[in-house]
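Single-letter residue listing:
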Amino acid sequence: MTIFLCGEEVEEIWCGIYDAWMSRLGHEQVRLEPAGCNLDLFCEYRQVITTPEKAAKVTDSIRTRLSESCYEQIYKAALSQDPFRGDKIYRFLILAFALGNGVQNRLQLPAVYEIFQMNRNLTREYDHMRGFTRFFQMQEGILLGKIGPKNDIITLLAAHFADRMPQENWILYDCGRKKAAVHQAGRGWVLVRADSALWEERLSRETDEAVFETLWKTFHSSIAIAQRRNPRCQMNMLPLRFRPYMVEFEGTPENRAKISE
Amino acid sequence: MLLQETMELQEKLRILSDAAKYDVACTSSGVTRGGKKDGLGNTFASGICHSFSADGRCISLLKILFTNQCIQDCKYCINRRSNDVVRTAFTPEEVCTLTMEFYRRNYIEGLFLSSGILHSPNYTMELIYQTLYRLRNECHFNGYIHVKAIPGADAGLVEQVGFLADRMSVNLELPTAAGLAALAPGKTREKILAPMRQVQRGIAAQNVRYLESGEKGYGLRQGTSSRIGMANSVSHPGRNVWLPESGRTGRNFVPAGQSTQMIVGATPENDYQMIRVAEALYQNYDLKRVFYSAFVRINDDSALPVLAGGPPLLREHRLYQADWLLRFYGFRAEELLSEKKPNFNVLLDPKCDWALRHLEQFPVEINRADYHTLLRVPGLGVNSARRIVAARRGAVLNFADLKKLGVVLKRALYFITCSGRTMYPIRLDENYITSQLIGTEHQKSWELEHHASYRQLSLFDDYHIAAPVTSADRESVRTGTL
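Just so we're clear, the structure is a prediction, and the values are computed from it rather than from any experiment. (Residues numbered from 1 in each chain as written. Chains lettered and ligands numbered in written order. Predicted model: local features only at pLDDT ≥ 70, side-chain atom pairs only at ≥ 80, totals over all residues. Heavy atoms only, no water.)

Enquirer: What is the right way to read the overall build of chain A from this model?
Expert: When helices and strands are tallied, chain A shows nine helices and eight strands. Referenced to the eigenvectors of the C-alpha coordinate spread, the extents of chain A come out at roughly 65 × 45 × 40 Å. Considering chain A as a whole, with its 261 residues, one finds that 49% of them fall into the buried category. Long-range contacts, defined here as pairs at least 24 residues apart, represent 63% of the contacts in chain A between residues at least 6 apart. Element-wise, carbon and sulfur atoms account for 53% of the exposed surface of chain A, whose accessible area totals about 12500 Å². (Helix = DSSP H or I, 4+ residues; strand = E, 2+ residues; numbered from the N terminus. Buried < 20%, exposed > 50% of the residue type's maximum accessible area, 1.4 Å probe, protein only. Contact = heavy atoms within 4.5 Å. Areas by Shrake-Rupley, 256 points an atom, 1.4 Å probe, with all protein chains shown as cover.)

Below, the structure is given as C-alpha cells:
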C-alpha cells in the first residue's frame with residue numbers, strides 16, 4: 001500500500017488525486033490521507049507536491065468527461081469537514097469515470113453516498129451561515145463578520161455576500177481556519193491567510209456599534225410570542241454552536257462558549 | 001387618540017414589532033433575484049432564515065407595523081380601536097434606516113411592512129408606498145419586501161405598491177363570512193378578496209405580456225414599458241376587473257406572489273372548512289402560501305373563546321401538514337377530510353391517516369411505482385421520492401438503500417415492498433398498523449401539546465388501577481411476596 005499525504009486545501013486534494021492516480025500502482029494499492037494521521041505498518045508514504053498544473057488537469061477532466069454539476073458536487077465535497085475527503089473523492093472518481101455521468105444519482109453505491117452525505121452536510125451549514133453570519137461595523141464603515149463553520153465554506157459565503165453587498169467594504173473572517181475573505185466596494189473579493197499578529201490586532205479592535213445592536217436585540221426579544229415559548233424548537237432550528245457569533249445571543253446564559261480565536 | 005411621534009426609535013421598534021408579531025408570514029421565499037451593481041441586496045427563491053426567536057419561529061424579515069393606530073375594532077387584534085395601548089408610528093425615513101442598517105449587518109433578509117389603518121385605507125397605503133419608494137429608489141434596496149395590501153385602498157395605489165414589493169398579502173383572518181362578521185365588524189369577505197383578486201390578475205396579466213412579447217427572463221426592460229399611472233388603470237369596482245398594463249419602474253409586479261393567513265381556533269370552524277378554504281385560495285386565487293396562526297387570546301373579550309392549554313399548536317401543526325399535502329403531494333382536501341370526519345386525527349399525521357383509510361392502494365412497490373404514487377406513501381417526501389426515481393434507474397433498491405435515500409422507514413415500512421417483499425412480516429391491517437404508528441407519533445404530539453410541562457408517571461392514574469386494596473394485599477406487601 002502506498003499512502004499519499006496531501007494538505008487540507010482544495011488544490012492540494014486535486015494534486016493528491018492526480019499523484020495517486022498517475023502513480024500507476026493500481027487503485028487498490030493507493031490511498032489518500034491528510035498529513036498528521038496515524039502511521040500504518042508496511043506502507044510507503046509519499047508527500048504530494050502541489051502545483052497548479054496538476055490541479056488544473058484534474059478539474060478539467062472532471063468538467064469535460066463528467067459534467068459541470070458533478071464538478072460542483074466534488075468541489076463541495078473537497079471543502080467538507082471530513083478529514084478523509086480526499087480518499088472519498090478518489091473512490092468516487094474511479095466509479096464516476098467508469099460509469100459515466102449520472103453516477104451521482106446512484107446513492108446505493110457507498111462511494112456515491114459518501115459524496116452525497118458530505119454535500120448535504122456542507123449545503124445545510126452553508127444555508128445556515130448565509131443567515132446566521134453577523135457583520136458589525138468597524139472604523140471607516142468596514143463591515144467585519146466572524147464565523148466558525150465546521151466545513152470550509154468561506155469561499156461560497158464570500159461569493160454570496162459579494163453578490164449581495166457589492167457597494168460595501170467587508171471582511172469575512174473564519175476564526176477556526178484563520179482565513180479571511182476581503183471585499184472592496186465595487187471590486188471583487190480575495191481570500192487571504194489571516195494568521196499573523198497584525199490581523200489579530202486589527203480584528204480585535206472594538207467599535208461603537210451599540211445603536212443598531214441594541215435595536216436588533218430589542219426587535220429579537222419583542223418579536224417572540226410569550227404564549228408560544230418553545231426553547232427546544234429554537235435550539236433545533238438554531239443550534240447553540242452558532243450563537244457565540246450572533247449578537248442577539250450575547251450574554252444569554254446558554255451562550256457561555258467563547259469564540260475560538 | 002394620541003399618536004406619539006416623538007418617541008425614541010428603540011421604543012417605537014419595540015412597540016411596533018410587538019404589535020406585528022402575531023402575523024405569521026415571515027418567509028422571504030418565492031423569487032430569485034441577483035444583486036445589483038449599485039444597490040444592496042439580492043433574494044433567493046428558497047428564502048433565508050436569519051435568526052430564531054424564543055418561540056422557535058424563524059426571523060427572516062424585519063416584521064413591523066408602520067403604525068399601530070387603527071380605525072378597525074377586530075376583537076382578536078391587540079391594536080383594535082378600543083384597546084388602551086400606546087400608539088405610535090414610524091416615519092418613512094426611520095423604516096428605511098432600520099432596514100438598510102439591519103440588512104448590511106445581515107440581521108435580516110428584507111422588510112415585512114404591515115400597518116394598522118391610520119385615518120383611512122388610502123392614507124395608510126399612501127404612506128406605505130412612500131416608504132417603499134424611498135427604500136427602492138433612494139436607498140437602492142434590492143432585497144426582499146413583503147407588504148400588506150390594505151383592504152379598501154384604491155386599486156391604483158395597490159398597483160403602485162405591487163411594483164415595488166416582492167410579495168403582497170391580504171389576511172383572510174377567518175375562513176368563513178360568519179366568523180368574520182362575529183369578530184371583525186369592520187371587515188367583509190368581499191373587501192378582503194377584492195385586492196387579492198386584483199393582485200392575482202396583475203400577476204396573470206404580466207405573465208401574458210411576457211408570453212406575447214416573447215421575452216425571456218424576469219423584469220420588464222426599460223423602453224418596452226410605457227408609463228401607466230393611477231388615472232389610466234382600468235377599474236370596475238363591481239366586477240373587480242382590473243389589469244395593470246405595464247411596470248412603472250421597470251420592475252415586476254409582485255414577483256414572489258401573494259399569501260394570506262387564517263387564525264386557527266378563534267371561531268368554531270372545523271379543519272375541513274379551513275383546508276377547503278385554503279384549497280380554494282390556491283386554485284382560484286393562485287396564492288403562494290396560506291399561513292395558519294394558532295389563536296392567542298390577547299384581548300379579554302366575551303366574543304373570544306377561552307382555550308384550555310393555550311394556543312392550539314397541534315391543530316396548527318396538522319393544518320400545515322395538510323397544507324403541504326395540498327401543495328406538493330397532489331392531495332385534494334376531500335381526500336384528507338370530509339363532512340363526516342371534519343377534524344384531523346390528533347395522534348396521526350394527515351398522510352398516515354389517509355393511508356390507513358386507503359389500505360387497498362398499498363403496499364407500493366418501490367422499484368416500479370411512479371413518482372406520484374411514491375409521494376403518497378407515508379415516510380416518503382418530495383426529496384426521497386425524487387431520489388428513488390433517479391437511483392432505481394441503475395439498480396434494484398432494497399431497504400438498506402432506502403434508508404440512505406432519506407426514507408423514514410419507521411413509517412414507510414408498513415406501506416412498501418422492495419422486490420415484492422416487506423421489510424418484516426407485516427399484516428396489512430388497519431388496527432395493527434395504527435397501533436404501531438401511534439407508538440412513535442403519540443410521543444411527538446404529546447410534546448407539542450405539553451411542551452412546557454412534565455409530570456411524574458403515576459401507576460394508579462396512568463394504568464387505571466381502581467380495585468380497592470384488600471387485606472391479602474397488605475399481608476403480601478408486608479411479607480414481601482407481591
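Enquirer: Mind showing me how you'd approach the state of the cysteines here?
Expert: Simply put, the disulfide is a covalent bond whose two ends are the sulfur atoms of two cysteines. Residue and element names in this part refer to chain B. Considering all chains together, one arrives at zero disulfides over all chains under this definition. Considering cysteine sulfurs only, cysteine 74 is the nearest to cysteine 77, which forms no disulfide, with 6.1 Å between them. For cysteine 77, a relative accessible area of 25% puts it in the partly exposed group. (Disulfide = S-S within 2.5 Å.)

Enquirer: Quick question: what am I supposed to make of the domain arrangement of chain A here?
Expert: When the parts of a complex come together, some accessible area is lost, and that lost area is often taken as the interface size. Residue and element names in this part refer to chain A. On domain assignment, one finds that chain A holds domain 1 (2-124), domain 2 (133-207) and domain 3 (209-261). Contacts between the two partners involve ten residues from domain 2 and, on the opposite side, eleven residues from domain 3. Here domain 2 and domain 3 share an interface that buries about 950 Å² over both sides, 50% of which is from carbon and sulfur atoms. When residues of domain 2 are sorted by the area they lose upon contact with domain 3, Arg134, Lys146 and Cys175 head the list and together hold 49% of the total. Counting the contacts that link domain 2 with domain 3 gives one salt bridge. The salt bridge involving arginine 134 is made with glutamate 248; its shortest N-O contact spans 2.9 Å. Summed over the shared surface of domain 2 and domain 3, the result is one residue pair in polar contact (both at pLDDT 80 or more). Mapped by element, the contributors of at least two residues to the side of domain 2 that touches domain 3 are β4 (135-137) and β5 (143-147). Residue classes in the side of domain 2 that touches domain 3 are distributed as three nonpolar, three polar and four charged. (Domains from an automatic or database assignment. Buried area = accessible area lost by both parts, 1.4 Å probe. Salt bridge = Lys/Arg side-chain N within 4 Å of Asp/Glu carboxyl O. Polar contact = N/O pair within 3.5 Å; in protein donor to acceptor, adjacent residues only side chain to side chain. Nonpolar A, V, L, I, M, F, W, Y, C, P; charged D, E, K, R; others polar.)

Enquirer: Before we go on, may I ask you to explain the confidence of the model for chain B in this structure?
Expert: When pLDDT drops low, the exact placement of atoms in the prediction is not to be read closely. All names here are of chain B. Averaged over every residue, the pLDDT of chain B is 84; residues scoring 70 or more account for 85%. Within the model, the stretch residues 216-249 combines pLDDT values under 50 with 67 contacts to residues more than four positions away or in other chains. Two summary scores accompany this predicted model of the complex, namely pTM at 0.86 and ipTM at 0.92. (pLDDT = per-residue confidence, 0-100.)

Enquirer: Looking at this model, I keep getting lost on the sheet that holds strand β7 (residues 179-183) of chain A. Mind explaining?
Expert: In a beta sheet, neighbouring strands are held together by backbone hydrogen bonds and run either parallel or antiparallel to one another. All names here are of chain A. In spatial order, the strands read β4-β5-β6-β7-β8; together these five strands make up an open sheet with mixed pairing. The outermost strands of the open sheet, each flanked by one partner alone, are β4 and β8 (189-193). Neighbour-to-neighbour, the strand axes of the sheet open up by a mean angle of 20°, direction not taken into account. Sheet analysis places β5 next to strand β6 (residues 170-174), joined by five bridges and oriented parallel. Looking at the pairing, leucine 143 lines up with tryptophan 170 of β6. (Pairing = 2+ DSSP bridges. Axes fitted to C-alpha atoms, helices over the stretch in contact; angles between N-to-C directions.)

Enquirer: I'm lost on the pairing of β8 of chain A in this one. Help?
Expert: Along any regular strand, the residues point their side chains to alternate faces of the sheet. All names here are of chain A. As paired strands, β7 and β8 are joined by five bridges and run antiparallel to one another. Bridge pairing links lysine 179 to arginine 193 in β8. Between the end of β7 and the start of β8, which pair antiparallel, lie five residues, with glycine 186 showing a positive phi angle near 80°.

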